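Chains, contacts and geometry: an overview
Here is how the chains run, residue by residue.
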Amino acid sequence: MTFEELAKPEVRSQPVYEPGKPIEDVARELGLDPASIIKLASNENPFGASPRALAAARAALNHAELYPDPGCFALRVKLATKWKLTPEQFVIGNGSNEILELLGHAFLRPGDEVVMGNPAFVVYKLVTRLFGATAIEVPLVNHTHDLGSLAAAVTAKTRMVFVPSPNNPSGTTNTEAELLAFARRLPDHVILVFDEAYAEYLEAAPDLRPLIAEGRKVVCLRTFSKIYGLAAMRVGYGYASADLVALLNRVRQPFNVNAIAQAAATAALDDTEFTESCRRKNQAGLQQLAEGFSALGLEFVPSHGNFILVNVGDGADVFGKLQGRGVIVRPMRAYGMPAWLRVTVGTEAQNGRLLAELRSALACESAD
Ligand SMILES: *Cc1c(COP(=O)(O)O)cnc(C)c1O
């Protein structure tokens, strides 16, 4: 018997998630100087992290010999104040991806259905399959989640619905009024998982807390990986009713979030000046890329996130050419959009470089 044969069917059928390539890998493979490479592939914050968060992380290193607080108390208290909820309504994860997995552990059985848009964040599908549940994918309309069709896809077997806003990879949003109405129509056996990974990039993010107050089955997910610039730390959180949080706490590992990450995240919440400046610079960057794509005659999807989809004709080819020129972006074939690239909004200089390399890559494409 091989290990492959011994593995559970859910594992064997699991496709491998392809993350954005690290700069070091590309440098090694192409013989490029790592310092000459820019990565606009994983929606990381090009402005780094808050200096306050980094100072707190460094201070926490002085007690690397101690296990972290298993309950992330300080972080939950600070979040409770920020959101006017109670600390018992927060679960902290090793990235918000871990909370997606905790939801699977707690709620998904073989035969269950999970409704999600397509294309949306691939981890929804991976988690669904990992627990033997079936992903019911509902096509986006105008690159946007069509909440009416999502509601129509719900059956007696549906256990969860994933809705991200802004969506990854399209950067499109749904309004607060639409989302509230959608959630209030869902049957009582369905949990709405509202993924707010990019909410801080919006001027006014939808507020689904009224649904929690009404006792509806909803959990909202946020992350420190994007606007807070702490992707390396792996920390995110969910807020929901205390009952749901208690279940997720039963299935998570006791020390799932390390002490350095807890300290950094707690301090990051205080630095609204940093996040506000990132939000403004991101808006300018979106504008810069939109104008640049228009100048190149390229179709793009107007985005509310820190990334943007652009139609380059042959996504795999242009991805390869850009990478050869030291610009890492994300090809969208795995999302069923082979003509498209997803580009993270960088600094003004990085956006300029991307546009210049894209111009040359497209010019040499039409030449051959
Ligand atoms: C980046 C991202 C996340 C956050 O992932 P972490 O595990 O917190 O780093 C969650 N949802 C979506 C849609 C994302 O793009």
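Placed above this text is the structure.
Residues numbered from 1 in each chain as written. Predicted model: local features only at pLDDT ≥ 70, side-chain atom pairs only at ≥ 80, totals over all residues. Heavy atoms only, no water.

**With respect to the overall build of the chain**
- The number of helices and strands found in the chain is 15 helices and 13 strands.
- Taken against the 2.2 N^0.38 rule, which gives 21 Å for 368 residues, the C-alpha radius of gyration of the chain at 21 Å falls within 12% of a compact globule.
- Along the longest, intermediate and shortest principal axes, the C-alpha atoms of the chain span 60 × 55 × 50 Å.
- Looking at the 368 residues of the chain, the share that counts as buried comes to 51%. (Helix = DSSP H or I, 4+ residues; strand = E, 2+ residues; numbered from the N terminus. Rg over C-alpha atoms; globule rule 2.2 N^0.38 Å. Buried < 20%, exposed > 50% of the residue type's maximum accessible area, 1.4 Å probe, protein only.)

**Some words on a nonpolar patch on the surface**
- Residues Met 1, Phe 3 and Leu 6 make up a contiguous nonpolar surface patch of about 470 Å² in total accessible area.
- Examined against the element boundaries, Phe 3 turns out to sit in helix 1 (residues 3-6). (Patch = residues over 30% accessible without salt bridge, like charges linked within 9 Å, V, L, I, M, F, W, Y side chains within 5 Å. Areas by Shrake-Rupley, 256 points an atom, 1.4 Å probe, with all protein chains shown as cover. Salt bridge = Lys/Arg side-chain N within 4 Å of Asp/Glu carboxyl O.)

**Considering the site of the ligand**
- In the vicinity of the ligand there are 13 residues, among which Asp 195, Tyr 198, Thr 223, Ser 225 and Lys 226 approach most closely.
- Taking Asp 195, its side chain carries an N or O atom lying 2.6 Å from a nitrogen atom of the ligand.
- Ser 225 has a polar side-chain atom sitting 2.6 Å from an oxygen atom of the ligand.
- Look at the ligand: alone it shows 390 Å² of surface, and the protein chains cover 94% of it.
- Across the shell around the ligand, the residue classes tally to 4 nonpolar, 6 polar and 3 charged. (Near = heavy atom within 4 Å. Polar contact = N/O pair within 3.5 Å; in protein donor to acceptor, adjacent residues only side chain to side chain. Nonpolar A, V, L, I, M, F, W, Y, C, P; charged D, E, K, R; others polar.)

**Structural notes on the side chain of Ser 303**
- Looking at where Ser 303 falls in the secondary structure, it is placed in the loop between strand 9 (300-301) and strand 10 (307-311).
- Polar contacts involving the side chain of Ser 303 include one to the main-chain carbonyl oxygen of Phe 307, which spans 2.6 Å.
- Those residues in contact with Ser 303 that sit more than four places away from it in its chain are Ser 170, Gly 171, Leu 286 and Ile 308. (Contact = heavy atoms within 4.5 Å.)

**What to know about the packing of helix 4 (residues 51-61) against helix 12 (residues 259-268)**
- Remark: helix 4 packs on helix 12, axes separated minimally by 7 Å, with the N-to-C direction vectors making an angle of 150°. The angle between helix 4 and helix 12 falls in the class roughly antiparallel. Pair helix 4 / helix 12 crosses with right-handed handedness. Between helix 4 and helix 12, the residues in contact are Arg 52, Ala 53, Ala 56, Ala 57, Ala 60 and Leu 61 and Ala 259, Ile 260, Ala 263, Ala 264, Ala 267 and Ala 268, respectively.
- The class makeup of the residues in the contact of helix 4 with helix 12 is 11 nonpolar, no polar and 1 charged. (Axes fitted to C-alpha atoms, helices over the stretch in contact; angles between N-to-C directions. Parallel < 35°, antiparallel > 145°, perpendicular 65-115°, else oblique. Left-handed = near helix turned anticlockwise from the far one by under 90°.)

**Notes on the sheet that holds strand 3 (residues 113-118)**
- In space, the 7 strands of this open sheet follow the order 2-8-7-6-5-3-4, with mixed pairing throughout. The open sheet terminates on both sides in strands that have one partner only, identified here as strand 2 (90-93) and strand 4 (134-139). Taking each pair of neighbouring strands and ignoring which way they run, the sheet shows an average axis angle of 25°.
- Here strand 6 (residues 191-195) runs beside strand 7 (residues 218-223); their pairing, made up of 4 bridges, is parallel. Looking across to strand 7, one finds that Leu 192 is bridged to Val 218.
- Across the sheet, helix 6 (residues 96-107) touches strand 2, strand 5 (158-164), strand 6, strand 7 and strand 8 (236-239), and the angle it forms with strand 7 is around 155°. (Pairing = 2+ DSSP bridges.)

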